[in-house]
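The chain contents come next:
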Amino acid sequence: MEDMIYKFQTEGTPVTCAPYGCGHINRTFLIVTDTGRRYILQMLNGAVFPDPRGLMENVIAIVRHIAAKSDDPRAALRLNPTTDGKLYAEDEKGRVWRLYDFVEGSICLQAPETPEDFYQSAIAFGTFQQQLADFPAATLHETIPNFHNTPDRYRIFRDALAADALGRAKDVQPEIEFVLSHETEAGELQRMRESGALPTRVTHNDTKLNNVMLDEKTRKPLCVIDLDTVMPGLAAYDFGDSIRFGAATAAEDEKDLSKMEMDLAAFETYTRGFLTACPGLTELEKQTLPLGAKLMTLECGVRFLTDYLAGDVYFSIDRPEHNLDRARTQFKLVADMERKWDDMRAVVARLAK
Ligand code: ADP
Ligand code: GN1
Ligand code: MG
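What you see is a predicted model, and the numbers here were worked out from it, not measured in a lab. (Residues numbered from 1 in each chain as written. Chains lettered and ligands numbered in written order. Predicted model: local features only at pLDDT ≥ 70, side-chain atom pairs only at ≥ 80, totals over all residues. Heavy atoms only, no water.)

### Concerning the overall build of the protein chain
Rules: Put simply, DSSP marks the helices as runs of H or I at least four residues long and the strands as runs of E at least two long, and each gets a number from the N terminus on. Just to be clear, the radius of gyration here is over C-alpha atoms, and the globule rule we use is 2.2 Å times residues to the power 0.38. Relative accessibility thresholds used throughout: buried, under 20% of the residue-type maximum; exposed, over 50%; partly exposed, between the two (1.4 Å probe, protein chains only). Residue contacts are defined here by distance: any two heavy atoms, one from each residue, within 4.5 Å place the two residues in contact. Residue-level accessible areas treat just the shown protein chains as cover; the underlying method is Shrake-Rupley with a 1.4 Å probe.
Helix and strand content of the protein chain: twelve helices and ten strands. Taken over the C-alpha trace, the protein chain has a radius of gyration of 20 Å; the compact-globule value for 353 residues is 20 Å, and the two agree within 12%. For the C-alpha atoms alone, the extent of the protein chain along its principal axes is close to 55 × 50 × 40 Å. In the protein chain, buried positions account for 54% of the 353 residues. A separation of at least 24 residues holds for 73% of the contacts in the protein chain among residues at least 6 apart in sequence. For the protein chain, the accessible area works out to roughly 15,100 Å², and carbon and sulfur atoms hold 51% of it.

The structure is reproduced here in structure tokens:
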């Protein structure tokens, strides 16, 4: 049992505790008590989040904001208090822990089982963005500065390449070349953000399918989870990261690259859902959705390759080449999107009418 569970108020006495889920960042445990109540206990990754207390202030405010907009108790994550009445606890090393209610009667998918599941995830993330449209953005802590600033991700990549901590660069030359050959276009969204051409919104910024819970019976959205990176951002980030993960025909860490493509039908399905849930997007925001898909995928590949070069210090890995495998799938996806570029743009243009 993780001792930190005893710092929280629970219904019943905790009897089991086991690692849970497929997240790459935090340490997540499923806790079951003797009354059968289930909880999710999480330790925040202190290396990834330099200000975990600020992060928790964000999360507390966001779940309150969303809970106030719905009668359904499962519409927002619910944080449980500690025995001294706080909504997170600190251990002796200063690490931050929190306890969520387990979202019962839900499913969390690693890949859509049907097009409808993916459509509903678009409704979930689109609605989330809409619900936060009136959230006071200026009160949010920037939990990871420059999170989707792709040129800054290139800067960090170049540093890791120059340091080449484990001497791995010589074995990944094609991947390095792929990254460098895309550097100019990699900055397109950031330039439009800085010029003010695209509006800044409160966005989730990590819109993988496994960060949304669907009702297990109706398979309609219950809530969006993993709120650690909710920050001011672009609509194209949230749209794009969902495509990167959910419109892919293979897992993020698939070794057989021949299985990896961007499914154009899934792209269309998600676009339909997202535009339905976010009717207020500007013309330019709509036009930049395909670019969001491509750049979020490129950026994620750059981050995986950076971590591979740096010695796997950021993302959790299960095998030595895990980050390299992940980087390769992302680059394969980018190349496939480039092949399907005109079709992607045509889909958005047609649905945006
Ligand atoms: P990470 O930042 O590491 O991705 P997440 O908050 O996404 O952490 O949690 C990892 C996984 O744990 C999720 O993908 C989901 O499967 C599961 N999970 C997280 N919170 C809950 C919850 N409240 N109820 C049920 N499952 C949850
Ligand atoms: C991480 O936390 P998780 O597993 O949902 C990462 C995302 C990446 C994703 C790649 C805080 O998401 O940015 O896109 O892995 N989260 C953080 O799978 O870096
Ligand atoms: Mg997650």
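There's more to say after this.
### Observations regarding the pairing of strand 8 (residues 212–215)
Test applied: When DSSP finds two or more bridges between two strands, those strands count as paired.
Every second residue of strand 8 is oriented toward a common face, with Val-212 and Leu-214 on one face and Met-213 and Asp-215 on the other, all of them buried. Alignment of strand 6 (residues 106–107) against strand 8, held across two bridges, turns out to be antiparallel. If you follow Ile-107 over to strand 8, its bridge partner there is Leu-214. One ladder, built from three bridges, connects strand 8 with strand 9 (residues 221–224); its direction is antiparallel.

### Considerations on the sheet that holds strand 2 (residues 27–33)
As summarised here, the arrangement of the five strands in space is 1-2-3-5-4, forming an open sheet in which the pairing is antiparallel. In the strand order of this sheet, the two ends are held by strand 1 (14–19) and strand 4 (89–90), each with one partner. Bridge count for strand 3 (residues 38–43) against strand 5 (residues 96–101) is five bridges, and the pairing is antiparallel. Bridge pairing in strand 5 places Met-43 opposite Trp-97.

### Focus: the pairing of strand 5
Among the six residues in strand 5, six count as buried, and that is most of the element. Residues Val-96, Arg-98 and Tyr-100 of strand 5 are buried on one face, and the alternating residues Trp-97, Leu-99 and Asp-101, pointing to the opposite face, are buried as well. Pairing between strand 4 and strand 5: two bridges, direction antiparallel. In the sheet register, Glu-90 faces strand 5, and the bridge partner there is Val-96. Hairpin geometry of strand 4 and strand 5 is characterised by an intervening segment of five residues between the two adjacent antiparallel strands and by a positive phi of about 80 degrees at Gly-94.

### Examining the nonpolar core
Put simply, the test is: The term nonpolar core refers to a set of buried residues drawn from Ala, Val, Leu, Ile, Met, Phe, Trp, Tyr and Cys, joined through side-chain atoms within 4.5 Å. As used throughout, domain bounds are those supplied by an automatic or database domain assignment.
Of all hydrophobic cores here, the largest spans 67 residues; its most connected members are Ile-62, Leu-227, Ile-243 and Phe-267. Looking at this core element by element, the count peaks at seven residues for helix 1 (residues 52–67). The residues that make up this core include at least three from each of domain 1 (2–104) and domain 2 (115–351). Each residue touching Phe-267, except ones within four places of it in the same chain, is listed here: Phe-239, Ile-243, Ala-247, Met-262, Pro-290, Ala-293, Met-344, Val-347 and Val-348.

### Comments concerning the sheet that holds strand 8
Backbone-to-backbone hydrogen bonds pair the strands of a sheet. The strands run either parallel or antiparallel. The antiparallel open sheet is built from three strands, whose spatial order is 6-8-9. Looking along the sheet, the strands with just one partner apiece sit at the ends: strand 6 and strand 9.

### Here's the deal with the site of ligand 1
Operational definition: What makes a residue near a molecule or strand is one non-hydrogen atom of that residue sitting within 4 Å of it. Counted as a polar contact is a pair of N or O atoms within 3.5 Å, where, for protein atoms, one must be capable of donating a hydrogen and the other of accepting one, and residues adjacent in sequence contribute only when both atoms are in side chains. The method works on a 1 Å grid over the protein atoms by themselves. A cavity is a set of points holding a 1.4 Å probe that cannot get out, a pocket is an open set with protein on both sides within 12 Å along at least five of seven lines, and residues with an atom within 4 Å of a point line them. Cavities and pockets are treated as containing a molecule whenever more than half of the molecule's atoms lie within 2 Å of their grid points. Residues are grouped as follows: nonpolar covers Ala, Val, Leu, Ile, Met, Phe, Trp, Tyr, Cys and Pro; charged covers Asp, Glu, Lys and Arg; every other residue, Gly included, is treated as polar.
Close to ligand 1 lie 20 residues; Asn-26, Gln-42, Val-103, Asn-210 and Asn-211 are nearest. Val-103 is positioned with one of its backbone polar atoms (N or O) 2.9 Å from a nitrogen atom of ligand 1. When ligand 1 is considered free in solution it has 550 Å² of accessible area, and contact with the protein chains removes 96% of it. More than half of the atoms of ligand 1 fall within 2 Å of the grid points belonging to the largest pocket. Within the residue set of the shell around ligand 1, elements represented by two or more residues are strand 3 and strand 5. Grouping the amino acids of the shell around ligand 1 by side-chain chemistry returns ten nonpolar, eight polar and two charged. A domain-level breakdown of the shell around ligand 1 finds at least three residues from each of domain 1 (2–104) and domain 2 (115–351).

### Examining helix 4 (residues 173–181)
Selection criterion: Summarising the geometry, the arc corresponds to the directions from the helix axis toward the C-beta atoms.
Buried within helix 4 we find Glu-175, Ile-176, Phe-178 and Val-179. Mapping the buried residues of helix 4 onto a view down its axis gives an arc of 160 degrees, with all of them on the same face. Exposed and facing more than 90 degrees away from the buried side of helix 4 are Pro-174, Glu-177 and Ser-181. Those residues of helix 4 that are buried lie in contact with helix 3 (150–163), helix 5 (183–186), helix 10 (289–310) and helix 11 (322–339).

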